[in-house]
Amino acid sequence: MNTSKTSYTPCPDCNGQGRVNRGLSKKARLRYQKALDAYTRSGAQGPAPAKPKAHLQPCSTCLASGLIPAEQPPVPDSDTYPHVAIIGAGIGGMALAVACLHRGIPFTVYERDLHFDSRSQGYGLTLQQAHTALKGFGIHELQDGVVSTRHIAHQPDGTVIGEWGMRKWDTGTHTTSKKTNIHIARQALRRALLDQLGDAHQIQWGHQLLEIKQTGDGAIQLDFQAAGNVKSASAHLVVGADGIRSTLRTMLLKPQLTPLRYLDCIVILGICDLQNLNHLKNPLLDSATVFQTADGTARMYMMPYDRDRVMWQFSFPIAEDEAKSLSAQGPEPLKKEVQRRTPWHEPIPEVISETDPAFISGYPVYDRELLTPEMTTNWGNCTLLGDAAHPMSPFKGQGANQALLDALALAKRITKGCNLSKSFKEINLRKKILSKFETEMLQRSALKVTASAKAAAVLHSEKVLQERDGPRGGGVQ
Ligand SMILES: Cc1cc2nc3c(=O)[nH]c(=O)nc-3n(C[C@H](O)[C@H](O)[C@H](O)COP(=O)(O)OP(=O)(O)OC[C@H]3O[C@@H](n4cnc5c(N)ncnc54)[C@H](O)[C@@H]3O)c2cc1C
């Protein structure tokens, strides 16, 4: 990972937004004036023409990142901005912390894990649109990221039924990471975010949120389970980035709780060291190829995890209680189940066989019914982001991408909604910041939740066997 830590501060030209309003184009102004004149001439009959909104353009000072390098991060401005309590130090929570740090927004992160490496966090992520958003967190390069340039789809006997990616379309000469998917271990991405936080950690490890209460002075009291005791803290704004089984979501949504929705399949994951497979000399294991093989029911997906390891994801339809029981049995039975179901082409059996069971895990796949902005109106100064707000199946590889976009959007909304000339206490945070943030987040992520659920069905059906040079299930995978 890039260890040279640079501090950042909000770009003065765009106020940290990354985009600037350069006003209406001459053409749009004239068109509006013409419509207004016609309306006036008609004696103001019917609805008046709506004033067009100016297009926001990328800020050239900060190259649209919203940040400029600085000697030190800005001193947290607790007069202008509310103190933000972030629940959860996963991808979304860490990202929000970094975005707040660079913008001078005071924050504290509360994470139930005892430390960064508390438990196995082992799987790889594919960064798609969030790759370009990373510069809004001050991350310009992911040294541990691997770029894939070739995607291949097979039948179980190895017959190729689709091929796409830069090596196919650009005759192999185009190796830039721009507009490509970056594969990175989840923990390496969290590490890159943690490195950004530097000494300003503000992470309270070993704090599990139990309860929130509104206090008389407009603040929110948070109670945590910490080292066997109940510990209290307070904040002005609480963000639940506490994952698919979010405690804050359960508190906020009562009695409209939207239960987990089982998507009729299990995912079994493994990470395999490539050095044990060098003798195969198989081009599918060149650390730049993503491939999948499906038989119309079960599906194997393999991608680079880092330069020396490959990650596999095997999925198939199964009843929910059987999926729970199989995942609870642990790595060895999960490995045997994958081996039993994949007497397929090289290198699939070899990779599974060489995978250390310590790096195998299995999960039933869930999402939840979509939230709507109407469901959030009585949430006060609390909100959700990432999987807590919009969990989705992993089959379009969008969960972490959306969590990163949410975090950046919320930090920008806080900067925009608070005004340097008055205290945040004079601002209706829900109306000025949270409702606007939630409307945009829920609209953007709803498409991904729906498409990811659809992909869970398509990828385990005959449809996946169609010959076509493009992603299956309508997404990156
Ligand atoms: C197999 C698999 C493959 C995936 N592949 C991709 C991919 O390729 N691309 C992609 O974009 N996404 C992918 N995802 C999804 C992605 O990992 C998640 O969407 C993403 O991690 C969500 O981030 P988050 O911060 O919302 O939640 P999480 O990363 O789950 O973090 C939640 C954090 O909250 C903490 N927490 C929970 N409850 C409490 C509490 N009460 N108090 C305090 N802390 C609490 C947890 O310990 C955890 O650290 C994949 C997911 C899986 C399972």
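Residues numbered from 1 in each chain as written. Predicted model: local features only at pLDDT ≥ 70, side-chain atom pairs only at ≥ 80, totals over all residues. Heavy atoms only, no water.

1. Section: the overall build of the chain
Stated precisely, the cut-off is as follows: Strands here are runs of E lasting at least two residues and helices are runs of H or I lasting at least four, both read from the DSSP assignment and numbered beginning at the N terminus. C-alpha atoms define the radius of gyration in this analysis, and the globule rule sets the expected value at 2.2 Å times the number of residues to the power 0.38. Whether a residue is buried, partly exposed or exposed follows from its accessible area with a 1.4 Å probe, protein chains only, as a fraction of its type maximum: under 20%, in between, or over 50%, in that order. Residue contacts follow a heavy-atom distance rule, with two residues in contact if any of their heavy atoms lie within 4.5 Å. Values of accessible area rely on a 1.4 Å probe in the Shrake-Rupley scheme; residue burial ignores everything except the protein chains shown. We treat Lys and Arg as the positive residues and Asp and Glu as the negative residues; His and chain ends play no part in the count. Taken as the charge location is NZ of Lys, CZ of Arg, CG of Asp or CD of Glu.
Per the secondary structure count, the chain includes 11 helices and 22 strands. Its C-alpha atoms give the chain a radius of gyration of 24 Å, within 12% of the compact-globule value 23 Å for 477 residues. The buried share among the 477 residues of the chain stands at 52%. For the chain, long-range pairs separated by at least 24 residues make up 76% of all intrachain contacts whose partners lie at least 6 apart in sequence. Summing over all exposed atoms, the chain offers an accessible surface of approximately 22000 Å²; the carbon and sulfur share of this is 51%. Both charge centroids of the chain, one from 55 positive and one from 45 negative side chains, sit 11 Å from each other.

2. Focus: unusual backbone geometry
The residue after E346, namely P347, is reached through a cis peptide bond having omega 10 degrees. Mapping P347 onto the fold places it in the loop between helix 8 (331–341) and helix 9 (348–354). With phi around 55 degrees, N15 is a residue other than glycine that occupies positive phi space. Note on placement: N15 falls in the loop between strand 1 (7–10) and strand 2 (19–21).

3. Digging into a positive patch on the surface
Selection rule: The patches described consist of residues with a relative accessible area above 30% and no salt bridge, like charges being joined within 9 Å and nonpolar side chains (Val, Leu, Ile, Met, Phe, Trp, Tyr) within 5 Å. For salt bridges, the criterion is a side-chain nitrogen of Lys or Arg within 4 Å of an Asp or Glu carboxyl oxygen.
The grouping of K416, K422, K431, K432 and K436 at the surface amounts to a positive patch. When residues in the positive patch are grouped by element, the largest group, three residues, is from helix 11 (residues 429–458). Secondary-structure assignment places K432 in helix 11. Using a relative accessible area of 45% as the deciding quantity, one classes K432 as partly exposed.

4. Let's talk about the sheet that holds strand 13 (residues 208–214)
To keep things clear, this is the line we draw: Pairing between strands is defined by DSSP: at least two bridges between the two strands are required. Simply put, an axis is a line fit to the C-alpha atoms, just over the touching stretch for a helix, and the angle between two N-to-C directions goes from 0 to 180 degrees.
With antiparallel pairing, three strands are arranged side by side in an open sheet as 13-14-15. Strands with a single pairing partner mark the edges of an open sheet, and in this sheet they are strand 13 and strand 15 (229–235). Neighbour-to-neighbour, the strand axes of this sheet turn through a mean angle of 25 degrees, independent of strand direction. Pairing between strand 14 (residues 220–226) and strand 15: seven bridges, direction antiparallel. Considered in strand 15, the bridge of Q225 is made with V230.

5. Overview of the site of the ligand
For clarity, the threshold we go by: Definition of nearness: a residue and a molecule or strand are near each other if at least one heavy atom of the residue lies within 4 Å of the molecule or strand. Any pair of N or O atoms that falls within 3.5 Å is considered a polar contact. Within protein, one atom must be able to donate a hydrogen and the other to accept it, and sequence-neighbouring residues count only if both atoms are side-chain atoms.
The immediate surroundings of the ligand are formed by 32 residues, with G92, E111, Y123, R186 and D387 found nearest. Take E111: an N or O atom from its side chain is 2.7 Å from an oxygen atom of the ligand. At 3.2 Å from an oxygen atom of the ligand is found a side-chain nitrogen or oxygen belonging to R112. Burial of the ligand by the protein amounts to 92% of the accessible area it has alone, namely 1000 Å². Looking at the shell around the ligand, the elements with two or more residues in it are helix 2 (91–103), strand 7 (124–127), strand 13 and helix 10 (399–417).

6. Here's the deal with the packing of helix 2 against helix 5 (residues 186–197)
Definition in use: Roughly parallel means an angle under 35 degrees; roughly antiparallel means over 145; roughly perpendicular covers 65 to 115; every other angle is labelled oblique. Crossings are sorted by hand: turned counterclockwise from the far helix by less than a right angle, the near helix makes the crossing left-handed, and turned clockwise it makes it right-handed.
Contact pair helix 2 / helix 5: the axes reach a minimum separation of 9 Å and the direction vectors enclose 25 degrees. Looking at the two axes, helix 2 sits roughly parallel to helix 5. Considering the relative orientation of helix 2 and helix 5, their crossing is left-handed. Where helix 2 approaches helix 5, its residues I91, M94, A95, A97, V98, L101 and H102 are matched on the opposing element by R186, L189, R190, L193, L194, Q196 and L197.

7. Observations concerning the packing of helix 10 against helix 11
Packed helices, taken two at a time, are described by their axes: the angle between them and the distance between them. What counts is decided by this rule: All amino acids are sorted into three groups, where Ala, Val, Leu, Ile, Met, Phe, Trp, Tyr, Cys and Pro are nonpolar, Asp, Glu, Lys and Arg are charged, and the leftover types, Gly among them, are polar.
Where helix 10 contacts helix 11, the two axes come as close as 9 Å, and the packing angle between them is 160 degrees. Between helix 10 and helix 11, the angle falls in the class roughly antiparallel. Crossing handedness for the pair helix 10 and helix 11: right-handed. Listed contacts from helix 11 to Q402, L405, D406, A409, L410, R413, I414 and G417 of helix 10 are K432, I433, L434, K436, F437, E440, M441, R444, S445 and K448. The class makeup of the residues in the contact of helix 10 with helix 11 is eight nonpolar, three polar and seven charged.

8. Quick notes on the pattern of salt bridges
Enumeration according to the criterion identifies nine salt bridges in this entry. The salt bridge partner of E337 is R340, with a shortest N-O separation of 2.8 Å. Of this pair, E337 and R340 both sit in helix 8, three residues apart, which is roughly one turn of that helix. Notably, a salt bridge pairs R430 with E438, separated by 2.8 Å at the nearest N-O pair. Several salt bridges converge on common partners, so that one network encompasses E337, R340 and R341.

9. Structural notes on the side chain of Q398
For Q398, the position within the fold is in the loop between strand 22 (382–384) and helix 10. Those residues in contact with Q398 that lie beyond four places of it in its chain are Q128, Q129, M392 and K448.

10. Observations regarding the environment of R112
With respect to the element layout, R112 can be found in the loop between strand 6 (107–110) and strand 7. Distance in space between the C-alpha atoms of R112 and F224 is 8.8 Å, their sequence separation being 112 residues.

11. Topic: the domain arrangement of the chain
How big an interface is tends to be stated in terms of the accessible area lost upon association of its parts. The line we're drawing: Each domain's limits were defined by an automated method or a database of domain assignments.
For the chain, the domain assignment lists domain 1 (19–58), domain 2 (67–120 + 187–260 + 369–456) and domain 3 (141–178 + 262–366 + 460–470). One C-alpha centre belongs to domain 1, the other to domain 2, and the line joining them spans 37 Å.

12. Observations regarding the sheet that holds strand 18 (residues 289–294)
Taken in spatial order, the seven strands line up as 10-9-18-19-20-17-21 in an open sheet, and their pairing is mixed. The strands lining the two open edges of the sheet, one partner per strand, are strand 10 (160–164) and strand 21 (360–368). On average, each strand axis in the sheet is inclined to that of its neighbour by 20 degrees, with strand direction left out of account.

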